[in-house]
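Fold and contact review
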Amino acid sequence: MSLILTAHKMRIYPNNEQISIIETTFGAARRMFNSLHAQFEERSKMSTVERENHIYKNYTALKNEWDNENNWLENVASQALANVSLNYNKAWSNYKKNKKHYKIPTFKSKHIARKSYSLNRNNVKNDIYISKENNKLLKVPKLGFVRLSQKLRYKNYNLKKITISKSTTNNYYISILVAIDKKSLNHKGLKIKSNDKVGLDLGLIDYIVDSNGNKINNPKYLKKFEVKLAKEQKILSRRYEQAKKDGRLLSESKNYQKQRLKVAKIHEKIRNVRNDFLHKLTNTITNESQVVIVESLNVKGMMKNRNLSKHISDASWGEFVNQLEYKSERKERTFVKIDTFFPSSKMCSDCKEIHELTNDLSVREWQCPSCNSIHDRDVNAAINILNEGLTLI
Ligand SMILES: [Zn+2]
C-alpha cells in the first residue's frame, strides 16, 4: 500500500455562533504568533547574561497567562495555538535554510495578515470527522458540525488535519488534509489500461492543443469575468486617486473599501472557475492516456514578449503542468516533460525539416517547403512534442 497526502479545499458555511468562535481563534492564533515573535525580538536585544536568566515562554505558558485574563480562550482549541508555535519555528528554520526564498518572520498585522488556523485530528479521540447522517457536515472541535459546500472527494481516507481560513472577500474556507492509499483514489472515468499517448502544446490562442488535433479553450464565462474585472478595477483606481486627492486614508474611504471588496470578489470567482476548469481538464487527459507529454515551460523567456505575458500568467500553465504531473503519478501514467529548447513549432512533423518561417507567431497555418504538408501551427507542435517525448521513455 502506498499512502499519499492530499487535500480538498472548499467553502464552508458557519453559522453566526461558529463565526464568532472562528474569529476568536484567528485572533488568538495571531496573538500567539506575535507574542512568540515579541519574545524573540526582546531576547535579541539582551546581553548573554540577561538571556541566560530569561525564561522563554512557550505557547502553553502564554496560553495559561491569557486564560487567567477572563476565560476568553474557552472556545479556542489549544491545538490551534500549538500549531502556531510549530509554524513559527518552521518559519525560522525555513528562513535559515533558504534566505532567498523565505522571508524573515515578522509581526502579523490585524488587517493584512491572512486569517487562518489549523487543527490536527486526534486519532484516539477521533475529534474531527464527517457526520454519518449527512456527508456535508464536518465535526470540528469547539465548533460542532460545520456545513461544507460539497462532499469530500475521497473514500477510505485517514483524516489528518484541517485548516480554516478566511478570504479577502470574507468567505470562509476549509482545507481537509487526508492520507489515502493511492490505489483507492476515486478516479471517475479512468481507462485502466490505455494505449493512448498524447502530446500537448500549450497554445497561445487555445488553452491547449493536443497531438490528435483537439483544441481546448478557456471556458467562455472566464472571459466575461475578465471583462468585468477590468471595468471594476478602473473604478477602483479612480477611487484610489480621489481618496489621495482628498487627503483621506484608504482605510477610511468607504467608497474605496466597497469597491476593493467588489474587485476581490471577482478575483475569487475567476480563481474558482479556473481551478475547476484545470481540474476537469487534467482529469480527462490523465484518465484517457497512458502517456502524457508536455513541453516544459519557459515562462520567463515568454514573458519578455509583452503581448504574451498577460496570456501566460492568466493561463496558469504552471498549475496545469503541475496537476498533470501528480495526477499521472497517481494513475500510474507515464508523464514526460521535454526540453524547452526543442524546436517543436519550427519542425515539420512529417519530414522533420526545420523552417524559420514559423518564427512569426501570427502564422497559424503553414506549408512545409520541403515536403509540402500543410500544418496547423499548434497541432504540428503537439505532434512533435509527442514524438520527441516518446524517444525519451
Ligand atoms: Zn515537411
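Residues numbered from 1 in each chain as written. Predicted model: local features only at pLDDT ≥ 70, side-chain atom pairs only at ≥ 80, totals over all residues.

Scanning the chain from terminus to terminus reveals 10 helices and 14 strands. Summarising its shape, the C-alpha atoms of the chain cover approximately 85 × 60 × 50 Å along the three principal directions. The burial tally for the chain puts 21% of its 393 residues in the buried class. Residue pairs at least 24 apart in sequence account for 65% of intrachain contacts in the chain once pairs closer than 6 positions are excluded. (Helix = DSSP H or I, 4+ residues; strand = E, 2+ residues; numbered from the N terminus. Buried ≥ 20, exposed ≤ 12 C-beta atoms within 10 Å, placed from the backbone. Contact = placed C-beta atoms within 7 Å.)

Split into domains, the chain comes out as domain 1 (3-184) and domain 2 (197-216 + 269-392). One C-alpha centre belongs to domain 1, the other to domain 2, and the line joining them spans 40 Å. (Domains from an automatic or database assignment.)

Another aspect to go through is the sheet that holds strand E12 (residues 334-338). Strands belonging to one sheet form pairs held by backbone hydrogen bonds; the direction of such a pair is parallel or antiparallel. Ordered by their spatial adjacency, five strands build an open sheet running E10-E9-E8-E11-E12, and the pairing between neighbours is mixed. In this open sheet, the two edge strands, each paired with only one partner strand, are strand E10 (215-216) and E12. The sheet contact formed by strand E8 (residues 197-202) and strand E11 (residues 291-295) spans four bridges and is parallel. Residue Gly199 lies in a different strand from E11, and its bridge partner there is Ile293. Docked against the sheet, helix H10 (residues 377-392) engages E8, strand E9 (208-210), E11 and E12, running at close to 130 degrees with respect to E8. (Pairing = 2+ DSSP bridges. Axes fitted to C-alpha atoms, helices over the stretch in contact; angles between N-to-C directions.)

A word on the environment of Ile180. Along the chain, Ile180 falls in strand E7 (residues 172-181). Apart from residues no more than four positions distant in its own chain, Ile180 is found in contact with Leu3, Ile4, Thr6, Tyr154, Asn156, Tyr157 and Leu185.

On average, the chain scores 88 in pLDDT, and the residues at 70 or more come to 95%. Strand E5 (residues 144-148) holds the highest mean pLDDT among the elements of the chain, 98, whereas helix H7 (residues 299-303) holds the lowest, 53. (pLDDT = per-residue confidence, 0-100.)

An ideal rise of 1.5 Å per residue puts 22 Å on 16 residues; H10 measures up with 23 Å between its terminal C-alpha atoms. Three or more residues of H10 are buried, namely Arg377, Asp378, Val379, Asn380, Ala381, Ala382, Ile383, Asn384, Ile385, Leu386 and Gly389. Of the surrounding secondary structure, the elements contacted by the buried residues of H10 are E8, E9, E11, E12, strand E13 (365-367) and strand E14 (374-376). (Expected span 1.5 Å × (residues − 1).)

Let's shift gears to the pairing of strand E4 (residues 137-140). With burial as the criterion, only one face of E4 is covered, namely that bearing Leu138 and Val140; the residues Leu137 and Lys139 on the opposite face remain uncovered. In this sheet, E4 lies alongside strand E3 (residues 129-130) in antiparallel orientation, the contact comprising two bridges. From the neighbouring strand, Tyr129 faces E4, where its bridge partner is Lys139. Here E3 hands over to E4 after six residues, the two strands then running antiparallel side by side. Note: E4 against E5, four bridges, orientation antiparallel.

Our focus in this paragraph is the pairing of E5. The pairing of strand E1 (residues 3-13) with E5 spans two bridges and is antiparallel. Bridging across to E5, Tyr13 finds its partner in Arg147. Here E4 folds back onto E5, and the loop between the two strands holds three residues, one of which, Lys142, carries a positive phi near 75 degrees.

All right, on to the environment of Lys57 then. With respect to the secondary-structure elements, Lys57 resides in the loop between helix H2 (48-53) and helix H3 (59-70). Owing to 14 C-beta atoms within 10 Å, Lys57 belongs among the partly exposed residues under this scheme. In the structure, Lys57 is positioned 34 residues away from Ala91 in sequence and 18 Å away in space, judged by C-alpha atoms. Sequence-distant contacts of Lys57, that is, excluding residues within four places in its chain, are made with Gln39 and Leu62.

If you check helix H1 (residues 16-44), its first and last C-alpha atoms are 42 Å apart, about what 29 residues at 1.5 Å a residue would give, namely 42 Å. For H1, the full list of buried residues reads Gln18, Ile22, Thr25, Phe26, Ala28, Ala29, Arg30, Met32, Phe33, Ser35 and Leu36.

So, about the sheet that holds E4. Sheet architecture is open: seven strands sit in the order E2-E6-E7-E1-E5-E4-E3, paired in antiparallel fashion. Since the sheet does not close on itself, it has two edges, and those belong to strand E2 (115-120) and E3, each with one partner. Across nine bridges, the pairing between strand E6 (residues 157-166) and E7 is antiparallel. Bridge pairing in E7 links Lys166 to Tyr172.

Counting residues in each nonpolar core, the largest one holds 28 residues, and the members touching the most others are Ala29, Met32, Ala80, Leu81, Val84, Val146 and Ile162. Residue assignment for this core shows that the elements contributing at least two residues are H1, helix H4 (78-97), E2, E4, E5, E6 and E7. The biggest single contributor to this core is H1, with seven residues. Ranked by size, the runner-up nonpolar core spans 21 residues in total, among them Leu202, Phe320, Leu324 and Ala381. (Core = buried A, V, L, I, M, F, W, Y, C linked by C-beta atoms within 7 Å.)

Non-glycine residue Lys352 carries a positive phi angle of around 65 degrees. Relative to the helices and strands, Lys352 resides in the loop between E12 and E13. In this structure Lys352 comes out as exposed when scored by C-beta crowding, with 12 C-beta atoms within 10 Å. Within the chain, Asn372 stands out as a residue other than glycine whose phi angle is a positive 70 degrees. In this structure, Asn372 sits in the loop between E13 and E14.

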